[in-house]
Amino acid sequence: MVARVILVVLALTIFHFMLQLITILNRCHHFPGFVYQQAGFSSDHKSIEIAVRPRKGSAAICSRCHQSASGYDQLPERRFEFIPFWGFLVFLLYSMRRVDCRRCEAVVVEEVPWGDGKRTLTNAYMLFLARWARRLSWKETAEAFHTSWEKVFEAVEHVVTFGLAHRTFGQIDAIGVDEIQYAKGHKYLTLVYQIDLDVTRLLWVGKERTIESFQGFFTTIGDEVASKIVFVCSDMWEPYLKVIREKCSEALHILDRFHIVAKMNKALDEVRAGESRRMAMEGRAPVLKKSRWLLLKREENLKTEQRFRLRDLLRYNLRTVRAYLLKEAFQQLWDYNSATWAGKFLDDWCRQVMRSRIEPMKKIARSLREHRELILNYFRAQKLLSSGVVEGLNNKAKVTMRKSYGFRTFRCLELALYHSLGKLPEPESTHEFF
C-alpha cells in the first residue's frame, strides 16, 4: 500500500514537473503558430521529449520564399535537440509539413522558427553552444554538455555564417595586415584587422600570404569602403606592399617599429651565431656562449647579474658587440616626433652601418633605405597607430589555435578565428539562455 502511494506521488510530481516545463518553454521559447502539446521522459529515462504541433488554423511557411503556402502532406516525426535541462537532454518532436507553394512552383518542406534547414540542433541550442565555445575549447564544450565535437562545430558554423552575412563594415579608418603560421611546412594565414582607435576586430581570414589572398579582402569590402581607408599598417612582405599600393594608394601606409626591430634582432643573432662558430673553430675562448638573450633583450629588462655579464662582454672588440651597439643606437629613432628629424637620424644610421662591414646589419640598412618613406609614415601619423595592436590580436588568434590543439582543416580554423575575434552579430534569441 505504501509503495503504491509513493508511486502515485512520484507520478503526480513528474506530471507537475512536465507541466511546469511546458510553462517555462512558453515563457522563454514561444513561437506563434505552434503549441507545446506534451512533455515526458524517453523510454530510457535519459532525456526529455516535448511534442510540438502546429496551432489550429495556422498556415505553414515555405522555406524558399518565406511566405505562407497551402499544405500538401506531412513527413515522419523529427527530433530537434534543445538546451539540456537539469542534466537531461531535451528534444523537440515535430512532424514537418510539406507545402505546395505557388510562388516557387514546387512542393517544399515548411520553415520552422526554432530550426535551420536540415540541422538537428535548434537555433537556441546552437547559439548556446557557440557562446560557450568562445570561452572553452570545442572539445571541452562538447564534454561539458554531453554532445559531440561535430555538433559544436555545426553550432559555431551556423552562428559565424549568420554573422558574416549580417555584419556591416561601416567606416573603416585604419587596417592592419599580418600573417601567422598555422601548420608545419610554412603554411600561413593572412589576417586583416580593423584597428581604429575605438574598434578592433578581425575583418578577413585568407589562406596563404599571397597577392590573391590579400586581394580577396578588398573584394569582400568593396571599392567604396577601401577608398575611405586612411591608415594601413603592415610589415615588409612584398605581396602585401604591392596590393596596398594598388588598392589603398591614398592611405598613409605605416611600417612600424615592431617588425623592424624584430628583423634587426634576427640580424644581430645571425652575427652572434656566425662569430661564435668561428671562434670555436679557431680555438678561442667562448666568450659569446649563452649570450643570446643578453644581446636581444632591452637593457632595462635585464637582471642585475645579466647587466654585469653584458658589461664584461662589451669590453671585447667583436663584430657581435659592434652589431649590438648599432642596434641599441637605432632605438633612438623612436624618440623623435618629427618625421624630418627622424629621417635625418635614419639616414645617418644607415650610412654608419654601411661602413661597418657587418653584412647582416648592412642588409637591414639597405632594406630600411628602400622603405624609408613608409617607416617615416609612423611619425607622420603622430605615432598614434602601429602594428602593436595587430600583434596583440595575433596573440589572441594563436591562443584560439592552441585551445583547439590544432585544427585539422582551414575551414575549422577560419570559423574559430571569426568567432573569437570578428565581433560578429548573432542571431536573435527568444531568451537569454545562461
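Predicted, not measured: the structure shown is a model, and the values here were computed from it.

A. Broad picture of the sheet that holds strand β9 (residues 200-207). The strand order across the open sheet formed by five strands is β9-β8-β7-β10-β11, and the pairing between neighbours is mixed. A strand with exactly one partner marks an edge of an open sheet, and here the two such strands are β9 and β11 (252-254). Geometrically, the sheet is characterised by an average inter-axis angle of 25° between neighbouring strands, direction not taken into account. Note that strand β7 (residues 174-183) and strand β10 (residues 231-233) share three bridges and pair parallel. Counterpart to Ala-174 in the pairing with β10 is Phe-231. Relative to β9, helix α5 (residues 211-227) is tilted by about 130°, and along the sheet it contacts β7, β8 (187-195) and β9. Across the face of the sheet, helix α14 (residues 388-403) comes into contact with β7, β8 and β9 while running at roughly 35° to β7.

B. Representation of unusual backbone geometry. Its identity as a non-glycine residue notwithstanding, His-146 has a phi of 55°, on the positive side. With respect to the helices and strands, the residue His-146 is situated in the loop between α3 (138-144) and α4 (149-166). For Lys-423, which is not glycine, the phi dihedral falls at a positive 50°. With respect to the helices and strands, Lys-423 occurs in the segment after α15 (410-421).

C. Broad picture of the side chain of Thr-122. With respect to the helices and strands, the residue Thr-122 is situated in the loop between β6 (106-109) and α2 (123-135). According to the relative accessible area criterion, Thr-122 is buried, its value standing at 0%. Setting aside anything within four residues of it in sequence, one finds Thr-122 in contact with Phe-80, Glu-81, Phe-82, Leu-92 and Trp-114.

D. Representation of the pattern of salt bridges. By the definition in use, this model includes 25 salt bridges. Here Arg-278 makes a salt bridge to Glu-275, at a shortest N to O gap of 3.9 Å. Here Arg-278 pairs with Glu-275, and both are found in helix α7 (residues 257-281), just three residues apart, close to one helical turn. On the basis of relative accessibility, which here comes to 35%, the residue Arg-278 falls in the partly exposed class.

E. A look at the confidence of the model for the protein chain. Per-residue pLDDT for the protein chain averages 88, and the proportion of residues at 70 or more is 95%. Per-residue pLDDT, averaged within each element of the protein chain, yields its smallest value for helix α1 (residues 2-28) (65) and its largest for helix α11 (residues 339-354) (95).

The rules behind these values
Along every chain, residues carry numbers that run from 1 in the direction the sequence is written. Given that this is a predicted model, residues contribute local features only at a pLDDT of at least 70 and side-chain atom pairs are listed and counted only at 80 or more, while totals for whole chains, interfaces and linings are drawn from all residues. Side-chain measures here rest on the full set of heavy atoms in the structure, leaving out hydrogens and waters. What makes two strands pair is DSSP finding at least two bridges between them. Each helix is a run of DSSP H or I of at least 4 residues and each strand a run of E of at least 2, with the numbering of both proceeding from the N terminus. The angle between two axes is taken between their N-to-C directions and runs from 0 to 180 degrees, where each axis is a line fitted to C-alpha atoms and a helix contributes only its stretch in contact. Contact definition: two residues touch when any of their heavy atoms are within 4.5 Å. Each residue gets one of three labels from its accessible area relative to the maximum for its type: buried under 20%, exposed over 50%, partly exposed in between, using a 1.4 Å probe on protein chains only. Salt bridge criterion: a side-chain nitrogen from Lys or Arg within 4 Å of a carboxyl oxygen from Asp or Glu. Confidence of the predictor at the level of single residues is given by pLDDT, which spans 0 to 100.

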